[in-house]
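The primary structure of each chain is shown beneath.
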Protein chains: 2
Amino acid sequence: MAGHLHNSEAFNYGVETWEAYKRGCLSKDLVEEQKKVQEADLLIFQFPLFWFNMPAILKGWMDRVLVRGFAYDLSKVYDGGLLQDKLSLFSFTTGGSKEKYSIRDDIRYLLWPMQHGIMHFCGVKVLEPHICYAPENVSEEKRKEMLAAWTQRLKTLWKEEPINCSPEWYFK
Amino acid sequence: MAGHLHNSEAFNYGVETWEAYKRGCLSKDLVEEQKKVQEADLLIFQFPLFWFNMPAILKGWMDRVLVRGFAYDLSKVYDGGLLQDKLSLFSFTTGGSKEKYSIRDDIRYLLWPMQHGIMHFCGVKVLEPHICYAPENVSEEKRKEMLAAWTQRLKTLWKEEPINCSPEWYFK
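Every chain is numbered on its own, with residues counted from 1 as its sequence reads. Written order determines the labels here, with chains lettered from A and ligands numbered from 1. Where local features are concerned, this predicted model is filtered to residues with pLDDT of at least 70; where side-chain atom pairs are given and counted, the filter is 80 or more; whole-chain, interface and lining totals use all residues. The basis for the side-chain values is all heavy atoms of the structure; hydrogens and waters are excluded.

Asks: Looking at this structure, I do not really get the interface of chain B and chain A. What am I missing?
Replies: Where the parts come together, the accessible area they lose is often given as the size of the interface. Contacts between residues were defined by any pair of non-hydrogen atoms, one from each residue, lying within 4.5 Å. On the side of chain A, 31 residues touch chain B, which itself brings 31 residues to the contact. Overall, the association of chain B and chain A removes approximately 2800 Å² of surface from exposure, summing both partners, and the carbon and sulfur fraction of that is 66%. Between Lys or Arg on one side and Asp or Glu on the other, a salt bridge is scored when a side-chain nitrogen of the former is within 4 Å of a carboxyl oxygen of the latter. Along the contact surface separating chain B from chain A lie 0 salt bridges. Between N or O atoms, a polar contact is any pair within 3.5 Å; within protein, one atom must be a potential hydrogen donor and the other a potential acceptor, and residues adjacent in sequence are included only when both atoms are from side chains. There are 11 residue pairs in polar contact (both at pLDDT 80 or more) connecting chain B and chain A. Strands are runs of DSSP state E lasting at least 2 residues, helices are runs of H or I lasting at least 4, and numbering of each runs from the N terminus. Of all the secondary-structure elements, those providing two or more residues to the side of chain B that touches chain A are α3 (56–65), α5 (107–119) and α7 (167–171) of chain B. For the side of chain B that touches chain A, the element with the highest residue contribution is α5 of chain B, accounting for 7 residues. In short, buried area is how much 1.4 Å probe accessible area vanishes from two parts on joining, totalled over both.

Asks: Can you help me understand the pattern of salt bridges in this one?
Replies: For side chains of opposite charge, pairing can occur when their charged atoms come near one another. Under the counting rule described, the total for this entry stands at 16 salt bridges over all chains. Residue Glu 145 of chain A pairs with Lys 142 of chain A through a salt bridge whose shortest N-O separation is 3.6 Å. Highlighted residues: Glu 145 of chain A and Lys 142 of chain A, both in helix α6 (residues 140–155), separated by 3 residues, approximately one helical turn. Burial status follows relative accessibility: with a 1.4 Å probe on protein chains alone, a residue under 20% of its type maximum counts as buried, one over 50% as exposed, and anything between as partly exposed. Lys 142 of chain A gets classed as partly exposed once you look at its relative accessible area, which sits at 38%. Between Asp 63 of chain B and Lys 59 of chain B there is a salt bridge, with the nearest N and O atoms lying 2.7 Å from each other. Here the residue Asp 63 of chain B and the residue Lys 59 of chain B both occupy positions in helix α3, the gap between them amounting to 4 residues, near one helical turn.

Asks: What should I look at first to understand the environment of Lys 86 of chain A in this one?
Replies: Residues and elements named next belong to chain A. Following the sequence through the fold, Lys 86 ends up in the loop between α3 (56–65) and β2 (87–93). When its relative accessible area of 7% is taken as the criterion, Lys 86 is described as buried. Note: C-alpha distance between Lys 86 and Leu 154 (68 residues apart in sequence) is 16 Å. In this structure, Lys 86 is in contact with Val 37, Gln 38, Glu 39, Ala 40, Asp 41, Val 124 and Lys 125, ignoring residues within four places of it in sequence. Among the polar contacts listed, one links the side chain of Lys 86 to the backbone oxygen of Ala 40, at a separation of 2.9 Å.

Structure, rendered in structure tokens:
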């Protein structure tokens, strides 16, 4: 953020970034990121799963870039969010094997805050996540298969239907 | 991390921090944070909820401090995690009102990655979260009540039983 604070008496991060967005005073790097988002039809987030979640640096991108006024606004949330007509896809690698996740933890549980709480909140539709389980612990051949499967999926991504981003998809 | 990489051919963040921990080569700030964790009986994480989650900077603390060898190890996870005999408590403020969360989103859903995926994974027991809903949108009087309730809770915290950190607590 560049320039004066909107309210220097009581600092409120959400209000300050919202005001800065409206006045065109957001930091240049944020404006550039927002431009990329604006122009994109599909947002692919590729990352290693850290602690059931995005790595901090990617969470920081969400915290900084998806500013009120740009991504959502008062009552313009979820299906009414400001980033409608866009698709998103969370593509990530895990440390644990698929078996580990299916025995104790349904991997869908941890997708709720990211897919529903962020993307759906901003009106962005969500495609099925793409998950490569434990690439560091599988054979080179298996890793090549993973890459081939991802390449294959990318070819027909535009034909996919978004998931129904409701509690049922995550918890039933 | 200070000193040489364990494997400079194929960089693996998890392996490098684990090796650095074993060799005593973690960055000084991390060692200090780990010392605090080691000495604590109770970890209270106080933060504003950003995007259904911790702010990035707190997630970064988790990513950097809770290193393999220190917080967990191969098959030393969940009830067998390395930080047993400790309690944790997630205390946070929200932007949205309690009604908003109870209509559309059960707030417990978003606690799964933090409480189960991080604390429980490391063997840390979890107390009921402490949530102040939308403090910026309520009256000064209501805010004072929130603080008083927190003060009150802190007095008897040691008598509380941890939650049963299983899918039932979160999703039933």
